[in-house]
Amino acid sequence: MRIYKLYFFLLPLFLTSCYKLEDLAPNYEDARSTIIYDLPGDTLATDGWDDNYEQNDTYLRQRYYNSRWTDSIRFVPIGNEKINAAVRVNSSTEQSIRWLPNAAAHPASPVENDAYLNTADNYNYIYRSGAWYQMGIDGKEGVAENDGKAINWRGFTTAPPPNPQTGWVYRDNDNNRVYIYNGKAWELMVSDANYNANQDFIQVEYSKSGKEAGKYSIFLFRFSDRKQQFIRDNADSLRYLKTGEWDIAFTGDMNSTIFLNNGRNKYGPATGSPITKSSLIMYEYGYDFMNEAPEDEFFDNRPADNMQISYVSQYGPGINPWYEIGSTFVAKPYPYRAYYLRLETINPTTGQSSYKYGKLQLISMYRKAPEVVTDRNWPSPFLTFRYFIQADGSRNIKTKD
């Protein structure tokens, strides 16, 4: 009887020690799909502007009293570039600059747009509008301990005040920038300053990106070689958008609205692209169960303006949404939603089109793709997604046995 009781007592212990909880974390690996983890989107869009210089800041902006902010002023040179704080003063152009020999003091009898390197302080100077300007910008001096100095405000004019004294400050009407006279030349102001009873009459802010927070530059992605291309300016738009060199574009807030490259879409970045037959179809029952792409007639019937993947919000259901976002401003992806793809390729020699079929699942826009996010300030956008493109042109897109 005692033996029976002993076994009865030990059995639960044995079972407990051998039991292993099932790992319920999603596993996106299948040996056939391409998985992109934490692809950085336009993370600079969350940078914004700060009151003082911080390490790796590249831009500053200024204003006096309640005037509008200046343009974003880059103070860190690229390569051998010579920064010119006096750009557009007296409506002068950079092409009109005439470089003089190096000297230890300002050259005598200068003329408009003369410039030189001062060997005594190692600054470049330029002569514009009848005065010398320091070309380099001491952005790293824009720290808190340099704020609050008293200045002598001389107003906003089209030419620098004559016979200046150290501490005089003016706003130039040609470029809207604020300069202070340092006893040797006019230099760009890089710190907040007080004028009489007006605290922070001059305000200077700093940024890594030089743009307003929340304005995300779009980027393009190509499935075949995973190429990522940001569109930062009009030159980039002209170079890349109306081409067949990309497959999808990540746009909008947190780079989370995706457009397929289809030139017939009037609302996306691909408008006018030679690719006109790429198409997508939403599927709601799981990426792993998408074994065969639909027939072409189903892709053909999709309106070109619907060649996008957006989101659900209080403002509407979106188009082919992959996540929802509510009052907490935290995105919640739909875990089983995925998309059939038909990608058009144009032969550059014959002009003939051919198709490749595939599938795409967008997983997360947050760093490390956590299953649950409760902090709206979690690092983003870092895009995680997976896809499979059938190289042989068939509709077989099975990735899991």
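Residues numbered from 1 in each chain as written. Predicted model: local features only at pLDDT ≥ 70, side-chain atom pairs only at ≥ 80, totals over all residues. Heavy atoms only, no water.

Draft legend 1. Structural context of the overall build of the chain. Summing up its helical and strand segments, the chain has three helices and 26 strands in all. Here the C-alpha coordinates of the chain stretch approximately 105 × 80 × 40 Å along the principal axes. Relative to its full complement of 401 residues, the chain shows a buried share of 45%. Pairs at least 24 residues apart make up 56% of the contacts formed inside the chain by residues separated by at least 6 positions. Carbon and sulfur atoms form 51% of the exposed surface of the chain, whose accessible area is close to 22,000 Å². In the chain, 43 side chains carry a positive charge and 48 a negative one; their mean positions are 3 Å apart. (Helix = DSSP H or I, 4+ residues; strand = E, 2+ residues; numbered from the N terminus. Buried < 20%, exposed > 50% of the residue type's maximum accessible area, 1.4 Å probe, protein only. Contact = heavy atoms within 4.5 Å. Areas by Shrake-Rupley, 256 points an atom, 1.4 Å probe, with all protein chains shown as cover. Lys, Arg positive; Asp, Glu negative; His and termini not counted. Charge placed at Lys NZ, Arg CZ, Asp CG, Glu CD.)

Draft legend 2. Highlighting the sheet that holds strand S25 (residues 353-364). Strands sit in the order S1-S26-S25-S24-S19 across an open sheet of five strands; the sheet is antiparallel. The sheet is open, and its two edges are formed by strand S1 (34-40) and strand S19 (279-283), each paired on a single side. Recorded for the sheet is a direction-independent mean angle of 25° between the axes of neighbouring strands. Both S19 and strand S24 (residues 338-346) contribute to a ladder of five bridges, which runs antiparallel. (Pairing = 2+ DSSP bridges. Axes fitted to C-alpha atoms, helices over the stretch in contact; angles between N-to-C directions.)

Draft legend 3. Quick look at the side chain of Asn113. Residue placement: Asn113 occurs in the loop between strand S4 (98-99) and strand S5 (114-117). Polar contacts involving the side chain of Asn113 include one to the side chain of Arg128, which spans 2.7 Å. Among residues more than four places away in sequence, those in contact with Asn113 are Ser92, Thr93, Ser96, Ile97, Arg98, Ile126, Tyr127 and Arg128. (Polar contact = N/O pair within 3.5 Å; in protein donor to acceptor, adjacent residues only side chain to side chain.)

Draft legend 4. Molecular detail of the sheet that holds strand S18 (residues 257-260). What the five strands build is an open sheet, ordered S16-S15-S17-S18-S20; its pairing is antiparallel. A single partner strand is all that each edge strand has here, and the edge strands are strand S16 (227-230) and strand S20 (308-309).

Draft legend 5. Looking closely at the pairing of strand S7 (residues 131-134). The alternating pattern of S7 places Ala131 and Tyr133 and Trp132 and Gln134 on opposite faces, both of which are buried. Two elements, strand S6 (residues 124-128) and S7, share four bridges in a ladder whose sense is antiparallel. Paired with Ile126 across the two strands is Tyr133, which belongs to S7. Remark: two residues form the turn of the hairpin made by S6 and S7, two consecutive strands paired antiparallel; Ser129 in that turn has positive phi of roughly 55°.

Draft legend 6. Quick peek at unusual backbone geometry. Of note, the amide linkage connecting Ser380 to Pro381 takes the cis form, showing an omega dihedral of -5°. Of note in this structure, Arg88 is not a glycine but carries a positive phi near 70°. Inspection of the secondary structure assignment puts Arg88 in the loop between strand S3 (73-74) and S4. Although it is not a glycine, Ser109 sits at a positive phi angle of roughly 55°. Summarising the element assignment, Ser109 is placed in the loop between S4 and S5.

Draft legend 7. Structural detail: the pattern of salt bridges. This structure, assessed with the given rule, holds 22 salt bridges. Note that Asp42 is salt-bridged to Arg232, the shortest N-O span being 3.0 Å. Of this pair, Asp42 sits in the loop between S1 and strand S2 (59-64) while Arg232 sits in the loop between S16 and helix H2 (234-240), and the two are 190 residues apart along the sequence. Exposure remark for Asp42: the relative accessible area of 1% places this residue in the buried category. Here Lys400 and Asp288 are joined by a salt bridge, their closest N and O atoms 3.6 Å apart. Of this pair, Lys400 sits in the segment after strand S26 (382-389) while Asp288 sits in the loop between S19 and helix H3 (296-300), and the two are 112 residues apart along the sequence. Here Asp288 falls in the partly exposed class, since its relative accessible area comes to 21%. Via salt bridges that share partners, Glu295, Asp296, Asp300, Arg342 and Arg395 belong to a single interconnected network. (Salt bridge = Lys/Arg side-chain N within 4 Å of Asp/Glu carboxyl O.)

Draft legend 8. Focus on the packing of aromatic side chains. Applying the stated criterion to the full structure yields 30 aromatic pairs. Ring geometry for Trp153 versus Phe201: centroids 5.1 Å apart, planes at 70°, classification edge-to-face. Here Trp153, found in strand S9 (residues 152-157), pairs with Phe201, found in strand S14 (residues 198-207); they are 48 residues apart in sequence, far enough to count as distant. Of the two residues, Trp153 and Phe201, both sit in the buried class. Cluster of aromatic residues (ring-pair linked, three or more members): Phe219, Phe221, Phe223, Phe230, Phe250, Phe385 and Tyr387. One cation-aromatic arrangement involves Arg367 over Phe382; the distance from NZ or CZ to the ring centre is 4.2 Å. (Phe/Tyr/Trp six-rings, centres within 6.5 Å; stacked < 30°, edge-to-face > 60°. Lys NZ or Arg CZ within 6 Å of the ring centre and 35° of its normal.)

Draft legend 9. Fine view of the nonpolar core. Leu60, Tyr133, Ile137, Tyr179, Trp186 and Ile202 are the most contacted members of the largest nonpolar core, which has 33 residues in total. Those elements that provide at least two residues to this core are S2, S7, strand S10 (168-172), strand S11 (178-181), strand S12 (186-188) and S14. Per element, the largest residue contribution to this core is four residues, and it comes from S14. With near-sequence residues (within four places) excluded, Tyr179 lies in contact with Ala85, Ala86, Val89, Tyr133, Trp168, Val169, Tyr170, Asp172, Trp186, Glu187, Leu188 and Met189. (Core = buried A, V, L, I, M, F, W, Y, C linked by side-chain atoms within 4.5 Å.)

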